[in-house]
Amino acid sequence: MEEQKAKLDVESGKEKISADVVQYETTGPITEAEKALRWKQDKRIVPLSAGIYFLCYLDRSNIGNAKIMNSTTGDDLMTQTGMTDFQYTIALMIFLIAYGLFEVPSNILLKKLRPSRWIAFLMLAWGALTMGLGGVHSYASVVVVRFLLGVFEAGLFPGLVYYLTFWYKTEERSIRVAFILASATLAGAFGGAIAYGIGHMNQAGGLSAWRWLFIIEGIPSCLSALLVWFLLPDYPEDAKWLTIQERDLAVERLRIEGSKGHHKAMTWSDAKATLTDWRLWAHYVVYFGISTPFSSLSLFTPSITAGLGYRDLQAQLMTVPPYAVAYLVQIRTSWSADHFNARGLHSAAMAMVGAIGFLASAVLPEDAYRARYGCLIMAASGSFACIPPLLGWLSSNIHSTASVGLAIALNIGLGGAPGQIVGVWIYKADEANIGYPTGHWTNAALLFMVAVGCVILRVYYGRRNKKILASSGREEGRLFKY
């Protein structure tokens, strides 16, 4: 017992190592007991986390559906609030400014207050604000509510990615991040279908359909917050739904490479080590490149399909196939990236697919509707599929519990939020009739940058690993993940 305690104390002390310290190589056979434990965790954690993000994304992106809903009769968001296209873009951007500012403090609070409590609070807040959007009557009120929505949605996605590091090994994370992120693609698909149905409720109870859209889609988040409070497990060490033996195994298998719920919160030395690690900034730049296509597709897919010859409710319905295909591609890519320890190359390949889709959309004639619709599906699939491996790659190559939380938040806050802000500006309303060339060219260029950045990071990590193996040997060396 004393020997085991001393061993755990030594491992706990390793948390003070800087963010430059890399993961132990942990490849090897997995026991049947570990498989059973992982499946038990999956059944409890993954569907719940995916459902939470599904609701978050639905409440974030439905403004794109509200913009064009029943526009031919003047019962849309733009007409009834008196917003111009420029003001609409500002309303989108203000959400992302709040999103970028509050991601880091939110991840810190998640560790301090427990994941279940903090995430439940966020859900209740953003659900109520979404319902509040159903009562806005002016541009100013839209901007205020969207800013507050960004404040409370900011912590969810980086928080969930951080949360998984408490439960899963590095080679297990990308596929689970993919299931969570893929729920956003499902939300995009269902969002279009839901908007199509709610669009027929125009003037029901004296309310325009876009108001009903916000009200109806905000209610599930508020109700689900109570379930999350009681059902979302916090840390393996405290999981009462696991047996004593399962809890011990859950802690032991993450002894070296996982985050720990009982470890102290971040110190200044942790923060300094993370902020001054240049390779992490390279990850942030790459994530900036993918965030612009992600943001623009999330917010403007209804407008893009409307520019492909579809109108009103039909345009809502035609947003479903791109998201449905992207969901399948995303899951398969993430599984393969983890399985072959090739997250960087998978992300590079899918970024190239997305870039080709946007490039083709930009050069095709504006009236080539079918071809451009196929390119939209290709662009969405490539853009969405390279994100989970990128996030899994980053979290896999950081050892400290505190540093993982900060790096993930910085990645999505400093890399993701500015990229998403760019995304709200590139699809210009006055280019609808010519096929939105500015948006397509910008996304294509950024995705090519993502592909190059991933290859450079892969080469860098490969060289670092060769040096580690040459100096210490495989058994003693700590190797970067690819």
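Computed from a prediction, not measured in an experiment: that's the story for all the values here.

Quick question: what am I supposed to make of the nonpolar core here?
Across soluble globular proteins, nonpolar side chains have a tendency to be buried as a group. One finds Tyr53, Ile119, Phe157 and Trp167 to be the most contacted residues of the largest nonpolar core, which totals 130 residues. Here the element with the most residues in this core is helix H2 (residues 32–68); it accounts for twelve residues. Apart from residues lying up to four places away in sequence, Phe157 is in contact with Tyr53, Tyr99, Val177, Leu181, Tyr287, Leu391 and Ile412.

Looking at this structure, how should I read the layout of surface pockets?
To find the voids left in a structure, one rolls a probe of water-molecule size over its atoms. Considered as a void within the structure, the largest pocket measures approximately 670 Å³ in volume. The wall of the largest pocket is formed by 29 residues, among which Lys67, Ser303, Ala429, Ala432 and Tyr436 lie closest to the centre. The element that contributes the greatest number of residues to the lining of the largest pocket is helix H4 (residues 85–113), accounting for four residues. Residue classes in the lining of the largest pocket are distributed as twelve nonpolar, eight polar and nine charged.

I keep staring at H4 and nothing clicks. Help me out?
In an α-helix, one turn spans 3.6 residues; hence positions three or four apart end up facing the same way. Helix length check: H4 (29 residues) gives 40 Å between terminal C-alpha atoms against 42 Å at 1.5 Å per residue, within 8%. At Phe102, H4 shows its largest kink, close to 40°, and the proline Pro105 lies no more than four residues downstream. Phi turns positive, to about 85°, at Arg114, one or two residues after H4.

I tried to follow the packing of H2 against helix H10 (residues 244–253) on my own but got confused; where do I start?
Angle between the axes and distance between the axes are the two parameters that describe a pair of packed helices. Where H2 meets H10, the axes come as close as 10 Å, and the angle between the chain directions of the two elements is 95°. Taken as axis vectors, H2 and H10 run roughly perpendicular relative to one another. Listed contacts from H10 to Ala33, Glu34, Leu37, Arg38, Lys40 and Gln41 of H2 are Glu246, Leu249, Ala250 and Arg253. Along the lines of polarity and charge, the residues of the contact of H2 with H10 split into four nonpolar, one polar and five charged.

It is not clear to me how unusual backbone geometry should be interpreted in this structure. Could you clarify?
Residues other than glycine predominantly adopt negative phi, and peptide bonds predominantly adopt the trans conformation. You will see that Arg114, though not glycine, has its phi angle at about 85°, which is positive. With respect to the element layout, Arg114 can be found in the loop between H4 and helix H5 (115–133). Phi at Tyr436 takes a positive value of approximately 55°, unusual for a residue other than glycine. Note on placement: Tyr436 falls in the loop between helix H18 (401–423) and helix H19 (437–472). We classify Tyr436 as buried; its relative accessible area is 7%.

Cut-off values and rules
Residues numbered from 1 in each chain as written. Predicted model: local features only at pLDDT ≥ 70, side-chain atom pairs only at ≥ 80, totals over all residues. Heavy atoms only, no water. Core = buried A, V, L, I, M, F, W, Y, C linked by side-chain atoms within 4.5 Å. Buried < 20%, exposed > 50% of the residue type's maximum accessible area, 1.4 Å probe, protein only. Helix = DSSP H or I, 4+ residues; strand = E, 2+ residues; numbered from the N terminus. Contact = heavy atoms within 4.5 Å. 1 Å grid on protein atoms, 1.4 Å probe; cavity = no way out; pocket = protein on both sides within 12 Å on 5 of 7 lines; lining within 4 Å. Points joined across faces, edges and corners; volume = space filled by probe spheres on them. Nonpolar A, V, L, I, M, F, W, Y, C, P; charged D, E, K, R; others polar. Expected span 1.5 Å × (residues − 1). Bend = angle between axes of the 7 residues up to and from the residue. Axes fitted to C-alpha atoms, helices over the stretch in contact; angles between N-to-C directions. Parallel < 35°, antiparallel > 145°, perpendicular 65-115°, else oblique.

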